[in-house]
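Inside the fold
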Amino acid sequence: MKNKDYSKFITMSPAELRKHQWTKGLPLSLVGIVVYLALIITGHKPKDYKGVCSYFEVGKSWGGFEMGWFFVCATNVGEGTKQHEVGHMIQNAAVGGFTMIAYSIGSALRYWWRKFTTPKTPYDSWFFEGDASRLGTEYVRNIEEKKEK
């Protein structure tokens, strides 16, 4: 939701955040079960992203998408994309439900529209995309700082 207060979620441990994927974020996480199993069956191996969540690398040069408790991305994406997907994980934990499904559908449609047109706006100009980038960057930075201590 626009102007949602995510402060409680930014400070959660990865385990706490994952737990919320199975309560408020249940609808997207259930879809994620199907995607996770399909990836395992097709020989993909999950990786660990900084102790925050699992992720899969598939293909090249396309970006990524979040499935509740894990994400999928291209093999050649940078940290910014991975952090962005963690931001969507935080959104799923906080907003969840069918609102997050709507965000996911909107994000996918927007991705494909931008791929085949000349976009005039930055990728993060939609509030939930900008929120995902900001939240993921902040969350991963917090996790890395805790590991350094």
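Scroll up a little and you will see the structure.
The text that follows walks through the structure, step by step, so that each part is easy to find.

Rules and cut-offs
Residues numbered from 1 in each chain as written. Predicted model: local features only at pLDDT ≥ 70, side-chain atom pairs only at ≥ 80, totals over all residues. Heavy atoms only, no water. Buried < 20%, exposed > 50% of the residue type's maximum accessible area, 1.4 Å probe, protein only. Helix = DSSP H or I, 4+ residues; strand = E, 2+ residues; numbered from the N terminus. Pairing = 2+ DSSP bridges. 1 Å grid on protein atoms, 1.4 Å probe; cavity = no way out; pocket = protein on both sides within 12 Å on 5 of 7 lines; lining within 4 Å. Points joined across faces, edges and corners; volume = space filled by probe spheres on them. Expected span 1.5 Å × (residues − 1). Phe/Tyr/Trp six-rings, centres within 6.5 Å; stacked < 30°, edge-to-face > 60°.

Of the two faces of strand E4 (residues 70-73), both are covered, the one formed by Phe70 and Val72 as well as the one formed by Phe71 and Cys73. As defined by bridge partners, strand E3 (residues 64-66) adjoins E4 across three bridges and the pair is classed as antiparallel. Following the sheet pairing, Glu66 is matched in E4 by Phe71. Turn length for the E3-E4 hairpin, with the two strands adjacent in sequence and antiparallel, is three residues, and the turn residue Gly68 shows positive phi of about 90°.

For the rest of this paragraph, the subject is the layout of surface pockets. Volume-wise, the largest pocket comes out at about 450 Å³. Secondary structure elements with two or more residues in the lining of the largest pocket: E3, helix H4 (79-94) and helix H5 (97-116).

What follows is about helix H3 (residues 26-41). Taking 1.5 Å of rise per residue, the 16 residues of H3 would be expected to cover 22 Å, and the 23 Å separating its terminal C-alpha atoms lies within 8% of that figure. Every buried residue of H3 is accounted for by Leu28, Ser29, Gly32, Tyr36 and Leu39. Backbone geometry just downstream of H3 places Gly43 in the positive-phi region, at approximately 90°.

With that settled, consider the packing of aromatic side chains. Any pair of aromatic rings gets described here by the distance separating the centres and the angle formed by the planes. Following the criterion strictly, the structure yields 16 aromatic pairs and no others. Where Trp69 meets Phe70, the ring centres are 4.8 Å apart and the plane angle is 65°; that geometry is what we call edge-to-face. Under the relative-accessibility criterion, Trp69 is labelled buried at 17%. Among the aromatic side chains, those forming a connected cluster through ring pairs are Trp22, Tyr36, Phe56, Trp69 and Phe70.

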